[in-house]
Amino acid sequence: MHAECLITSTLSSMPLPAINSHEPCRSSRTQPSSSSSVRPPVPPQEGSMALTRLVGAALPLLFFFFSRAEAGALGVSYGRVANDLPDPASVVNLLKQNGITMVRIYDANPNVLTSLANTGIKVMVMVPNENVADVASAPSNALQWVRDNVAAYRPATQIHAVAVGNEVFDSRPDLNSALVPAMTNVQAALAQLGMADAVKVTTPVAFDALAESWPPSAGRFKDSIAQPVMKPMLDLLQSTGSYLSVNYYPYLTYMAQPDAFTLDYVLANSNPGVVDPDTKLTYYNLLDAQRDATYYAMDKLGFASLAVGHTEHGAPSSGGLKRGGGGRRRRLLQAGNGGAVATVANAQAYINNLMNRVLAGNRGTPHRPDADMDVYIFALFNENQKGAGADDVEQHFGLFYPNMQKVYEFDFRRPTGGGGGGGAVPPPATPSWCVAKAGVGDARLQAALDYACGHGADCSAIQPGGSCFLPDTKAAHASYAFNSYYQSMNRAAGACDFSGAASIVYQQPGMCAATASWCVANAGVGDARLQTALDYACGHGADCSAIQPGGPCFQPDTKASHASYAFNSYYQSKGRAAVACDFSGAGSVVYQQPKVGNCVLPSNG
């Protein structure tokens, strides 16, 4: 094993379970117009400490380790279609009390944005659908909108994204041709005002923008929008370092088609999985199948690496869907066991499984194992003016009642139990570390690095000759400094932001030189998933001869032991890239050399 510096945390860790697709059933969720994550103070443009300027270098292998374990961002959609909600100042206190560090609003309401000032909570604002055509019509209109609704509040209010419209294809198809021009004009306005790096432009689309979604590999966008709108939109998003935003509602898909899936598959509880007949990839939840359908649709347009954010993702705790071609009659849909689908227990299971997955860093899909997973949960409150009455699911998506009491238990700070069937209960606290996002570029990393070293981080080890000076890259040094600052601040979520240059991870990363690592099986996923992943590894380059009957590592004859041996062989053969130790959530990277019976797993590091 090579010498290493492991950045420290005082807690202990455990892996947690993951969260899957057919045709969508979505109702539009719009917000009437008017007119998120906590972080330390914005690092100054000029460093407060003259730390050695680092030479730009290729990203070392150890940073691929971060991608698998890095937690996605988790926030809420703060809808306000109600007449009984608390005032914005009270809402902000509620967000802070519950560790909610990212918020999406459906306009740029001055009272909300002012209340969010100096909280460090990241905010996505929106150009309402009714303003899209105006913003598209002239760059000057977009510039005025950005001045009034973004620049006027930054940096005190941490606006980090602008959504141009919401589900335009679904709710305002007359605006389809204006959507990309509007996004382009907003992007140009942000650039003109010097905010294009810090504020990203996107547009949330409903999942029914796809013409096909099963099997996932057949995923494609509707012909009416694929070439004329989606292709130029994706090109704009990719060229500006942004992401496609999708509103996912697997739970509603199930409510509309209760005979198409099992409830466990939808809730992401333990289940046998569903196989894509074309790719042979196995899906263990409806969300991942819908996500991969989106990725395949983007692949077909030539965008195989663009990220997808989840701008809405929720589960109703009561109510039913409108049935019968738009008629007013509504009824509760029934699950196979005769119980109502939209229940508090089911919503709690779904949302807790989703939150646990995001917080634990289990972000990938079978098709995109290295995918990001940033999620806004819809919605903060139950909203009593949505839909067609109190029995409509549209009024029951809230995490909180209007009196600010929780509808069910959840925790934005760490993975938690309470999933209602299949969720592992974690230890009292989950360890975490803070690492750099290399993709933000050396200039932003240097500014944040200087800030951390000047505000309490112990940076002596990354000075020339220090024990962690190598690898001599900004990303490696910034990770060391960020984590030192984060730990000194008692791992407060706001202490690992640095204006978007850092992320919290839940698996201990190596900080110095080339850290040895191994890939082992997660026994908790069950023998069926382990066997599928084991077969894949042995058929794609792993040397599995030692675990054959009579082989030196055949004993102990268990799926977990054999899978660990095969996973590690595959992982080492792939240069220890993090994505080579995923196996749809069945594998994990470890940094202490493990044994399989009497066999010590080798490392090529």
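Residues numbered from 1 in each chain as written. Predicted model: local features only at pLDDT ≥ 70, side-chain atom pairs only at ≥ 80, totals over all residues. Heavy atoms only, no water.

A. Geometry of the overall build of the protein. Scanning the protein from terminus to terminus reveals 16 helices and 19 strands. Taken over 605 residues, the protein has a buried fraction of 57%. (Helix = DSSP H or I, 4+ residues; strand = E, 2+ residues; numbered from the N terminus. Buried < 20%, exposed > 50% of the residue type's maximum accessible area, 1.4 Å probe, protein only.)

B. Structural view of the packing of helix α5 (residues 139-151) against helix α7 (residues 176-192). Where α5 meets α7, the axes come as close as 8 Å, and the angle between the chain directions of the two elements is 60°. Compared by their axis directions, α5 and α7 come out oblique. Helix-helix and strand crossings are classified by hand; for α5 and α7 the assignment is right-handed. Listed contacts from α7 to P139, A142, L143, V146 and V150 of α5 are N185, V186, A189, L190 and Q192. Residue composition of the contact of α5 with α7, by class: eight nonpolar, two polar and no charged. (Axes fitted to C-alpha atoms, helices over the stretch in contact; angles between N-to-C directions. Parallel < 35°, antiparallel > 145°, perpendicular 65-115°, else oblique. Left-handed = near helix turned anticlockwise from the far one by under 90°. Contact = heavy atoms within 4.5 Å. Nonpolar A, V, L, I, M, F, W, Y, C, P; charged D, E, K, R; others polar.)

C. Representation of helix α16 (residues 559-573) within the structure. For α16, spanning 15 residues, the distance from its first C-alpha to its last is 21 Å, which sits close to the expected 21 Å at 1.5 Å a residue. For α16, a buried count of 12 out of 15 residues is recorded, marking the element as mostly surrounded by other parts of the structure. Looking only at α16, the buried set comprises S561, H562, A563, S564, Y565, A566, F567, N568, S569, Y570, Y571 and Q572. (Expected span 1.5 Å × (residues − 1).)

D. Main features of the sheet that holds strand β13 (residues 375-378). Taken together, the nine strands give an open sheet; going across it, the order is β5-β4-β3-β2-β1-β13-β12-β9-β6, and neighbouring strands pair in parallel fashion. The strands lining the two open edges of the sheet, one partner per strand, are β5 (200-202) and β6 (204-206). Sheet twist, expressed as the mean angle between neighbouring strand axes with direction ignored, is 25°. Where β6 lies against strand β9 (residues 244-248), three bridges are found, and the strand directions are parallel. Residue A206 lies in a different strand from β9, and its bridge partner there is N247. Contacts between helix α12 (residues 344-360) and the sheet are confined to β1 (74-77), β12 (308-313) and β13, with β13 contributing the most and set at about 165° to the helix. (Pairing = 2+ DSSP bridges.)

E. Molecular detail of unusual backbone geometry. Following W214, the chain continues into P215 via a peptide bond in cis, with omega recorded as -10°. On the secondary structure map, P215 appears in the loop between β7 (210-212) and β8 (220-221). In this model, F378 is joined to A379 through a cis peptide bond whose omega is 10°. Take A379: it is sitting in the loop between β13 and β14 (433-436). Look at K280: it is not a glycine, yet its phi comes out positive at around 65°. With respect to the helices and strands, the residue K280 is situated in the loop between β10 (274-275) and β11 (282-283). Residue F583 is not a glycine yet carries a positive backbone phi of 50°. For F583, the position within the fold is in the loop between α16 and β17 (587-590). A residue is classified by how much of its surface remains accessible, and F583, at 14% relative accessible area, is buried.

F. Summary view of the pattern of salt bridges. Scanning all chains against the criterion turns up 10 salt bridges. A salt bridge links R291 to D288, with the nearest nitrogen and oxygen atoms 3.2 Å apart. Of this pair, R291 and D288 both sit in helix α11 (residues 286-300), three residues apart, roughly one helical turn. In this structure, R291 and D288 share a single accessibility class: buried. Where salt bridges share partners, they join E212, R220 and D223 into one cluster. (Salt bridge = Lys/Arg side-chain N within 4 Å of Asp/Glu carboxyl O.)

G. Up close: the confidence of the model for the protein. Mean pLDDT over the protein stands at 80; residues scoring 70 or higher make up 78%. Here residues 417-429 scores under 50 on pLDDT; set against residues more than four positions off or in separate chains, the count is 33 contacts. (pLDDT = per-residue confidence, 0-100.)

H. The state of the cysteines, seen in detail. For the structure shown, the criterion picks out five disulfides. C434 shares a disulfide with C496; S-S distance 2.1 Å. On the S-S bond that ties C434 to C496, the torsion sits near 85°, and the link is right-handed. Placement of C434 in strand β14 and of C496 in the loop between α14 (474-488) and β15 (502-505) is noted, with a sequence separation of 62 residues between them. C434 gets classed as buried once you look at its relative accessible area, which sits at 0%. Here C496 falls in the buried class, since its relative accessible area comes to 5%. (Disulfide = S-S within 2.5 Å.)

I. Representation of the nonpolar core. Formed by 118 residues in total, the largest nonpolar core has its most connected members in V125, V150, V164, F221, M233, L234 and L244. Counting residues in hydrophobic clusters, the runner-up holds 27 residues, among them C544, Y570, F583 and V596. (Core = buried A, V, L, I, M, F, W, Y, C linked by side-chain atoms within 4.5 Å.)

J. The arrangement of the environment of M233 in detail. Following the sequence through the fold, M233 ends up in helix α8 (residues 223-239). The class for M233 is buried, based on a relative accessible area of 0%. Sequence separation between M233 and L179 is 54 residues; the distance between their C-alpha atoms is 8.4 Å. Here M233 is in contact with F169, L179, V180, M183, T203 and L244, once residues within four sequence places are set aside.

K. Expanded view of the side chain of N269. By the element assignment, N269 lies in the loop between α10 (263-267) and β10. Polar contacts involving the side chain of N269 include one to the side chain of N353, which spans 3.0 Å. (Polar contact = N/O pair within 3.5 Å; in protein donor to acceptor, adjacent residues only side chain to side chain.)

L. A look at the pairing of β1. Across four bridges, β1 lies against β13 in parallel orientation. Within β13, the residue paired with G75 across the bridge is Y376. In terms of strand pairing, β1 meets strand β2 (residues 102-104) through two bridges, oriented parallel. The partner of V76 across the bridge, within β2, is V103. A crossover connection joins β1 to the parallel β2 through helix α2 (residues 88-97); in handedness this β-α-β unit is right-handed. (Right-handed = clockwise from strand over helix to strand, strands pointing away.)

M. Structural detail: helix α4 (residues 129-137). Looking only at α4, the buried set comprises N129, V132, V135 and A136. Angularly, the buried residues of α4 cover 95° about the axis, an arc narrow enough to put them on a single face. Those residues of α4 hidden inside the fold are in contact with β3 (122-127), α5, β4 (158-164), α6 (168-171) and α7. (Arc of directions from axis to C-beta.)

N. Region of the structure containing the pairing of β3. Counting buried residues in β3 gives six out of six residues, a clear majority hidden from the surface. With burial as the criterion, each face of β3 is covered, one bearing K122, M124 and M126 and the other bearing V123, V125 and V127. In terms of strand pairing, β2 meets β3 through three bridges, oriented parallel. If you follow M102 over to β3, its bridge partner there is K122. Pairing analysis gives six bridges linking β3 to β4, with the strands arranged parallel. Bridge pairing links K122 to Q158 in β4.

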